[in-house]
Amino acid sequence: MKEIIIKHKNKLIAIIINLLFVSIVLCFYGLFYGQSDDQFFSQNIVKGNYNYTFCSFFIQFLSVLLQKVIYPYNAFLFLQLFLNFLSLTAICYVFLSVFGIKKGIVFSVIIESVFSLNFYAHVTFTQTATVLLVAGTLLMMWANQNHRSIVYQFVGILFIVFGSFYRFDIFYSVMAVFAVFVLSYLLSKIRQDNSWNIVNLLKQTFTVKNILVVLVMITSVFSLQFFSTKIIDSYDGMDYYREYTKIRAKVVDYDIPLYESCPDEYNSIGMSENDFQMLRSWLFDDEGYTSIETLEQVVQLQEDHYPGVVNALKNMAVVELRQILSFSPEGILLISYAILAIGVLSFYRKKSWIFVGSLSMIMLSLYSYLWISGRCNHRAVLSFIFASFIYLLYVTQFLQKRKFICSIPYKHNKLIKCIAMLLCIVFALSTLSLSFVQYYKEFNNKSIEKYSDLQEYILNSDDKSFALLGEVYMRIRKATIFDTPYLADHEIFEKCVYYGSAYYAHPSYNEMLNDIGVNNLYTDIIDNDDIYVVDIDKVDIFIEYLNEQYGKDHTYGYELITSIDGFMIYKIKTIS
């Protein structure tokens, strides 16, 4: 037994570290859906649907199978939590193996403190893809460089395949960062050896085994993605939905001109001021005013009023500066990478500039591309930061230390090492504390106690179904592992649908509407005693929209049924 523990001590330590951090997150903070997409995925999985598009068909199929086994537990939550745990454990194991127990533990604590709250607390398919892809590439690289069993490389491939299942766009971005890092490593090795013999280096790097591993990885990822796309596209209406959600994302994920800045232009495309407010409130389900053609015209207005690359980059700089100064979760991650980059440059000088420079440039390039293309998304940006942070930390094993450190007597050298490690741990734990404070501020008004009464009301209303306006749906999504929404959110899903962006155009949404007995949420809920609407503060613009679009012969209003913790529960009715 002792020999087994000694042989696998790095794996055991990595598991223990991650068990500690995941326990902290679950017990003192909890899980929550990082975005409504993931809650929509869970709703599909509970109902046994396979035809949503943001994740691969295969991850959907696996989730549905798992859901049948662990029902009523949420399979989507569980699977992502489990994969994030495996991935972060693999990353910690690599660092323990490379740097030894002491330094490996310090680096693992830094990684967990800076990133694990995001990966464990947020349930998002984007972040799950990120941690899987980074863990897979790191494991493959480490196994190759240290001549470990090819099994490790195939485990890395498995991580990469699952990462591509969750979000294929992130596969491209992480692979771009990884490719830049590998290229930097090869150039650095040539420079360090003073032997500019590129041919010999390429022969050593691209062995038959390495080529085989890469071919297996590429073939697996792209062939499975091809079959997944074919399967999903076989569903009726999916072609329209892909086109719709692509143009919808350009409107929602980026700034569009305010209505008061160009009312005539909005009116010329058939969009009133109230329609604009609906659009900005994520209540634009109705194709009557948010068809593909209308959204394309809004995008054209966006391009006319916010032209040029310079303007996009200026907005990017302003937003990121605001994130950093406010110590938001994204700002903390950027600060952490900046501190690491400065530390590596200061400590290793000329040996490290190629790594810091290349990784920073690829991060900036990918981030700029998102802004310029109108698809800036902080969940996607996390993939650049996390990958660059991990690769830069990993490469320090190859860099020589500065001469003034080596010239210090051994006992002083050891003291400096201890002080440096202590400062790293203090920084890591301080970052973790800041992250907790920021998340507490952000979600304090959305805590489980604030809406437990609302959920109880919904679950106990046996004869009613509920339509949740966008902001309500966002709030009913935080849970700890011990709370009802995590254990039984399927009951909420069975009684609720919601108005929210692109989902109304999704083929599976018709099935959800049929489950609560309606075909159109904008007409069938009027004078329907079986449907209640739940809202916070958008009811006025919603009623105005109904009157503008459907009030030719009638005037519509609402009857307030009750109010629970600030949530209004009402029904739509004909006034005259």
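Just above, that's the structure.
Residues numbered from 1 in each chain as written. Predicted model: local features only at pLDDT ≥ 70, side-chain atom pairs only at ≥ 80, totals over all residues. Heavy atoms only, no water.

**Q** Describe the pairing of strand β3 (residues 465-468), with residues and values.
**A** Both faces of β3 are covered, namely the face carrying S465 and A467 and the face carrying F466 and L468. Pairing of β3 with strand β6 (residues 531-535), which is carried by four bridges, proceeds in the parallel orientation. When the sheet's bridge partners are listed, A467 is paired in β6 with V533. Where β3 meets strand β5 (residues 496-498), three bridges bridge the pair, whose relative direction is parallel. Within β5, the position partnered with L468 by the bridge is Y498. (Buried < 20%, exposed > 50% of the residue type's maximum accessible area, 1.4 Å probe, protein only. Helix = DSSP H or I, 4+ residues; strand = E, 2+ residues; numbered from the N terminus. Pairing = 2+ DSSP bridges.)

**Q** Kindly report on the side chain of T128, identifying the contributing residues and their values.
**A** Counting through the fold element by element, T128 comes out in helix α7 (residues 125-145). From its side chain, T128 meets the backbone oxygen of T124 in a polar contact 3.0 Å long. (Polar contact = N/O pair within 3.5 Å; in protein donor to acceptor, adjacent residues only side chain to side chain.)

**Q** Could you give me a rundown of the packing of aromatic side chains, with the residues and numbers involved?
**A** Two measures describe an aromatic ring pair: the distance that separates the ring centres and the angle between the ring planes. In total, this model carries 38 aromatic pairs according to the counting rule given. Each ring, one from F178 and one from Y391, has its centre 5.6 Å from the other, and the planes form 50°; the classification is tilted. Placement of F178 in helix α9 (residues 168-193) and of Y391 in helix α19 (residues 378-395) is noted, with a sequence separation of 213 residues between them. Since its relative accessible area comes to 17%, F178 is described here as buried. (Phe/Tyr/Trp six-rings, centres within 6.5 Å; stacked < 30°, edge-to-face > 60°.)

**Q** A description of the side chain of D535 should follow, citing residues and the corresponding values.
**A** When you line up the elements, D535 lands in strand β6. A polar side-chain atom of D535 sits 2.4 Å from the main-chain amide nitrogen of V539.

**Q** Outline a nonpolar patch on the surface, listing residues and values.
**A** Taken together, L12, I15, I16 and L19 make up a surface patch of nonpolar side chains, about 330 Å² in accessible area. Overall, the relative accessible area of 42% leaves L19 in the partly exposed class. (Patch = residues over 30% accessible without salt bridge, like charges linked within 9 Å, V, L, I, M, F, W, Y side chains within 5 Å. Areas by Shrake-Rupley, 256 points an atom, 1.4 Å probe, with all protein chains shown as cover. Salt bridge = Lys/Arg side-chain N within 4 Å of Asp/Glu carboxyl O.)

**Q** So what's going on with helix α5 (residues 75-99)? Residues and values would help.
**A** Here α5 is 25 residues long and its end C-alpha atoms lie 36 Å apart, about the 36 Å a rise of 1.5 Å per residue gives. Counting buried positions along α5 gives 21 out of 25 residues, so the element sits mostly inside the fold. Just beyond α5, the residue with positive phi is G100, at close to 90°. (Expected span 1.5 Å × (residues − 1).)

**Q** So what about the pattern of salt bridges? Which residues, and what values?
**A** Applying the stated rule across the entire model yields five salt bridges. Between K464 and D463 there is a salt bridge, and its shortest N-O distance comes to 3.0 Å. Judged by its relative accessible area of 52%, D463 falls in the exposed class. Among the salt bridges present, the one from K571 reaches D529, with a minimum N-O distance of 2.9 Å. Of this pair, K571 sits in strand β8 (residues 567-574) while D529 sits in the loop between α25 (507-515) and β6, and the two are 42 residues apart along the sequence. Residue class for K571 comes out buried when judged on its relative accessible area of 19%. Taken together, the shared-partner salt bridges in this structure form one network comprising D529, E559, K571 and K573.

**Q** Before we move on, can you summarise unusual backbone geometry with the specific residues and values?
**A** Backbone geometry at H147 places phi at a positive 55°, although glycine is not the residue there. Mapped onto the fold, H147 is located in the loop between α7 and α8 (150-166). For H147, a relative accessible area of 70% puts it in the exposed group.

**Q** Would you mind going over the packing of α7 against α8 in detail, with residue names and values included?
**A** Interaxial distance between α7 and α8 falls to 7 Å at its minimum, and their mutual angle equals 160°. It follows that α7 is roughly antiparallel to α8 by the angle criterion. Crossing hand, α7 versus α8: left-handed. The class makeup of the residues in the contact of α7 with α8 is 16 nonpolar, eight polar and no charged. (Axes fitted to C-alpha atoms, helices over the stretch in contact; angles between N-to-C directions. Parallel < 35°, antiparallel > 145°, perpendicular 65-115°, else oblique. Left-handed = near helix turned anticlockwise from the far one by under 90°. Nonpolar A, V, L, I, M, F, W, Y, C, P; charged D, E, K, R; others polar.)

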